[in-house]
Amino acid sequence: MTQPPDSRVPRPPADDGVTYVFAVCRATRAVGALDLADEAGMPGGRAVRLLPAGLLTAVVQTVPAADFTDEVWQRRLSDRTQIERYARAHHAVVSNVAAHAPVVPLPLATLYHDDDRARTRLATDANRFHTALKRVAHHAEWGVKVYRAPTPEPDPTPDEPLTAAGGRVPGAGLAYLNRKRGVQALRERRREQALDVAESVDAELRGLAAASRRLRTHGAALSGDDRTHVLNATYLVADERAGELRRLVRALGDRTGSQIELSGPWVPYSFVGEV
């Protein structure tokens, strides 16, 4: 959504602080009255606070520059426990603020050298921030995953019939090949049917949503789930239509016989950059 933040300081003094930006809101009275005293923010950082910038307000925190050098952050990215810790801390602040006002959440580890640089960036991108805030106001992000339940497939390799003398029955090899082709054709038909279901589900949900995004499906090897994942999508839905969305998902599951998982509501991370 914004231009890239400042590069991480390669070798900052140990006591230097940089400005970490969680999210951007409109500078309203409600936002100005937010109590951020209980927000933990990033590990090792100072108090989470508001940074006014004209008609916008950023939710920020001064964090140790030494904790966000390229070298330190690259090591952190390779440590799943550590990166989840920082991601959860970031999301907690964004979610708590979003409960009180529309927000444009910024990516994890959005940093500026100081408050003045952060204000300059907000001023530069003010029009785009206002457009994004208008888009997501009174909307939430919902995730939908559609699965085709596992079904048994015929075995193309039953015991090969033998004659009384132990020889092969004439034509047995051809019969095996035909069975194998039949199994492959059945598998392909089921796949096409599942994809047709995914398209129809997505079309109906897009009719209800203000915006949508298709994401990559995951395989069984990645998820440990033996179901076939045929749709992974996210939808921006007005708050007043949340009940309608839940009812539609249930109806689509009943109608198609597919397993449909609905998650949310979430802060609309997926839709703030489409401006």
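Residues numbered from 1 in each chain as written. Predicted model: local features only at pLDDT ≥ 70, side-chain atom pairs only at ≥ 80, totals over all residues. Heavy atoms only, no water.

Going by what an unreviewed UniProt entry lists, the protein chain is known as GvpL/GvpF family gas vesicle protein and is assigned to Streptomyces californicus. The record held by UniProt for the protein chain lists under Sequence similarities (unreviewed entry) the comment "Belongs to the gas vesicle GvpF/GvpL family." (UniProt positions renumbered as here; feature names shortened; annotations may be inferred.)

This part is about the pattern of salt bridges. Across all of its chains, the model carries nine salt bridges by this definition. The partner of Asp115 in a salt bridge is Arg49, and the shortest N-O contact between them spans 3.0 Å. Residue Asp115 is found in helix H4 (residues 115-124), and its partner Arg49 is found in strand E2 (residues 49-53); the two are separated by 66 residues along the sequence. The class for Arg49 is partly exposed, based on a relative accessible area of 25%. (Salt bridge = Lys/Arg side-chain N within 4 Å of Asp/Glu carboxyl O. Helix = DSSP H or I, 4+ residues; strand = E, 2+ residues; numbered from the N terminus. Buried < 20%, exposed > 50% of the residue type's maximum accessible area, 1.4 Å probe, protein only.)

This part covers the packing of aromatic side chains. Counted by the stated rule, this structure contains five aromatic pairs. Taking 5.5 Å as the distance between ring centres and 25° as the angle between the ring planes, the aromatic pair formed by Phe68 and Trp73 counts as stacked. Note on accessibility: Phe68 and Trp73 belong to one class, buried. An angle of 85° between the planes, with centres 6.2 Å apart, marks the rings of Phe68 and Tyr86 as edge-to-face. With Phe68 in the loop between strand E3 (56-64) and helix H2 (70-77) and Tyr86 in helix H3 (residues 80-98), the pair connects residues that are 18 residues apart, well separated along the chain. Overall, Tyr86 belongs to the buried group, its relative accessible area being 4%. Linked through ring pairs, Tyr20, Phe22, Phe68, Trp73 and Tyr86 together constitute an aromatic cluster. Geometry around Phe68 places Arg76 over its ring, the cationic atom sitting 5.6 Å from the centre. Against the face of Tyr86 rests Arg76, its NZ or CZ located 4.2 Å from the ring centre. (Phe/Tyr/Trp six-rings, centres within 6.5 Å; stacked < 30°, edge-to-face > 60°. Lys NZ or Arg CZ within 6 Å of the ring centre and 35° of its normal.)

In terms of residue burial, strand E8 (residues 228-238) counts as a mostly covered element, since 10 of its 11 residues are buried. Where strand E6 (residues 139-148) lies against E8, 10 bridges are found, and the strand directions are antiparallel. Paired with Val144 across the bridge in E8 is Ala233. Sheet analysis places strand E7 (residues 211-214) next to E8, joined by four bridges and oriented antiparallel. Following the sheet pairing, Ala211 is matched in E8 by Leu236. (Pairing = 2+ DSSP bridges.)

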